[in-house]
Amino acid sequence: MSRIKLFWLAAVALGLFSCRKNVTDNLDDNETPLYITKQEPSVDFSSYSTYSLADSVAVINNDQLVQRVRTDYDAAFIDAIAAQMESRGFTRVSHSSSPDIGITVSRIYNDYTGIIDYSNYWNDYDGYWGSDYWGYPGYDYYFPPMYGTYTVTDGGVTVDMFDLKNAASNNQLRQLWSGLVRGSGTFDIDKVFAHAKALFDQSPYLEK
Amino acid sequence: MKKLISLTIAVFLSILTSTAQQGELRMTLSLSGASPMGEFKNLVSKTTFRGGDALILYGINDRIGVGLNIGFQDFYEKYPRSIYKLSDGSDISAVLTNSVQTIPLLATTRFNLKPGGFLRPYVSAGVGGAIVMNSQYLGEYPNEDDKFSLALRPGAGIFIPFRKEGEVGINVGVNYNFIAYKQNDVSNLSYLGFTVGIGFPARN
């Protein structure tokens, strides 16, 4: 087989494998977020009337609470949740006014770390300096193991509702509902209202 | 499945003629499309034109060619945002995208039904395996399932030389692809493939 034909064969093979349609490149901004909600099955939200929203957001990094803050984004998200609750017939009160429902918002970040092994990389190169270059012909190189690491951070925002109305009788703060926003655009301040609306739109039972 | 195997064997046994001359090595490079069939439509229903196919055949005699077929086909379908129920009772709203790539590697036999003519129809049969890369994306998060599975490919087509008695020409073919791939939504992958390419001698 001539080299020209081999070249064409290789070119075609490369072309074929590169014609996969890229999934993430074909997602619009409003198609990337995931909205996950879960309710306590036995809860009847019509029996609750008032709620209180924590005025700051918990920042949780790799399962550790880092701090509670109120950035512009956090304030916007809290306001967006409040707007949705109002639209469902609940009344916002201060947390000292015995609300029926307590609501917290958290930003959660998880780091995923991988390791790249650079050990023995010099063995891959025929042109690496021989030991005779240093005046020690016949000697072997010794390199201690060397690794590189990379870290990818994935984040999301959670909204949690707790039962304050029945806390005393339950002897615990039972979770009533949780919502999670995840994906590109989660932390875009211009999208917080859309995120909150999406969480409530898929929770029609969440109504006074 | 049994019918398919029987069909493949029958095609093998019914070898009649081939475009290949004895000792000649021929190659066919094609662009390919595919239309999912059966349960494969549970993942992707749209016809795709993103694919290619390379076939190299050795002429055992002037009737029969045997060789190797490697291909690539990309299937893709994005579904509008919808709410799905998870096993733990959660509701998830997501844009779901199924992305499936198949790379069949097949031992192939091909026969020409009318050697030497201006239009040279043929039938073919391939058996081997296929790499299946099946990714289901919720938004931008994939769940991936890659497997190597049994693959069968009976087919037919026509070779049209650029000049009378020529050995270089256009090749047009159709084939049925069966891949024994099991996953939650499907018990096998089958699709109707079609190819348009160029056939030529591979050795000077």
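Here the residue numbering is sequential within each chain, running from 1 through the sequence in written order. Lettering for chains starts from A, numbering for ligands starts from 1, and both go in the order in which the items are written. Local features in a predicted model are, by the rule used here, given only for residues with pLDDT of at least 70; side-chain atom pairs are given and counted only at 80 or more, and totals for whole chains, interfaces and linings are based on all residues.

Caption draft 1: Here's a closer look at the overall build of chain A. For the purposes of this entry, the term helix denotes a DSSP run of H or I that reaches at least four residues, the term strand denotes a run of E that reaches at least two, and both are numbered from the N terminus. Of the regular secondary structure elements, chain A holds four helices and seven strands. Taken over 208 residues, chain A has a buried fraction of 23%. Within chain A, contacts between residues at least 6 apart in sequence are counted, and of these 76% link residues at least 24 apart. Three exposure classes are used, based on other C-beta atoms lying within 10 Å of a residue's own C-beta, which is placed from the backbone: buried for 20 or more, exposed for 12 or fewer, and partly exposed in between. Residues are scored as being in contact if the C-beta atoms we place from backbone atoms lie within 7 Å.

Caption draft 2: Representation of the pairing of strand β1 (residues 34-39) of chain A within the structure. Pairing between strands is defined by DSSP: at least two bridges between the two strands are required. With six bridges connecting them, β1 of chain A and strand β7 (residues 174-182) of chain A associate as antiparallel partners. Across the sheet, Tyr35 of chain A pairs through a bridge with Val181 of chain A, a residue of β7 of chain A. The pairing of β1 of chain A with strand β4 (residues 91-112) of chain B spans three bridges and is classified as antiparallel. Looking at β4 of chain B, one finds that Thr37 of chain A is bridged to Asp91 of chain B.

Caption draft 3: Focus on the interface of chain A and chain B. Counting residues at the interface gives 29 residues for chain A, matched by 28 residues for chain B. Within the residue set of the side of chain A that touches chain B, elements represented by two or more residues are α1 (3-17) and β1 of chain A. Broken down by element, the side of chain A that touches chain B gets its largest block of residues, seven residues, from α1 of chain A. Classification used: nonpolar for Ala, Val, Leu, Ile, Met, Phe, Trp, Tyr, Cys and Pro, charged for Asp, Glu, Lys and Arg, polar for all others including Gly. Each residue belonging to the side of chain A that touches chain B can be placed in one class, and the counts come to 15 nonpolar, nine polar and five charged.

Caption draft 4: Here's a closer look at the nonpolar core. Take the buried Ala, Val, Leu, Ile, Met, Phe, Trp, Tyr and Cys residues, join any whose C-beta atoms are within 7 Å, and the set you get is a nonpolar core. Counting 34 residues, the largest nonpolar core has Phe77, Ile81, Ile101, Ile103, Val105, Ala196 and Leu199 of chain A as the members making the most contacts within it. Mapped by element, the contributors of at least two residues to this core are β1, β2 (50-61), α2 (72-87), β5 (101-117), β6 (147-163), β7 and α4 (192-201) of chain A together with β4 of chain B. Residues within four places of Ile81 of chain A in sequence aside, it is in contact with Leu53, Ile103, Val105, Val159 and Ala196 of chain A. Leu106, Val132, Ala151 and Leu189 of chain B belong to the second-largest nonpolar core, a separate cluster that totals 15 residues.

Caption draft 5: Region of the structure containing the confidence of the model for chain B. All names here are of chain B. On a range of 0 to 100, pLDDT expresses the predictor's confidence in each residue. Residue-level pLDDT values for chain B average 88, and 88% of them are 70 or greater. No element of chain B has a lower mean pLDDT than helix α1 (residues 2-13), which averages 45, and none a higher one than strand β7 (residues 169-179), which averages 97. Of the regions scoring below 50 in pLDDT, residues 7-20 engages in 42 contacts with residues more than four places distant in sequence or in other chains. Both scores are available for the predicted complex, with the pTM at 0.79 and the ipTM at 0.79.

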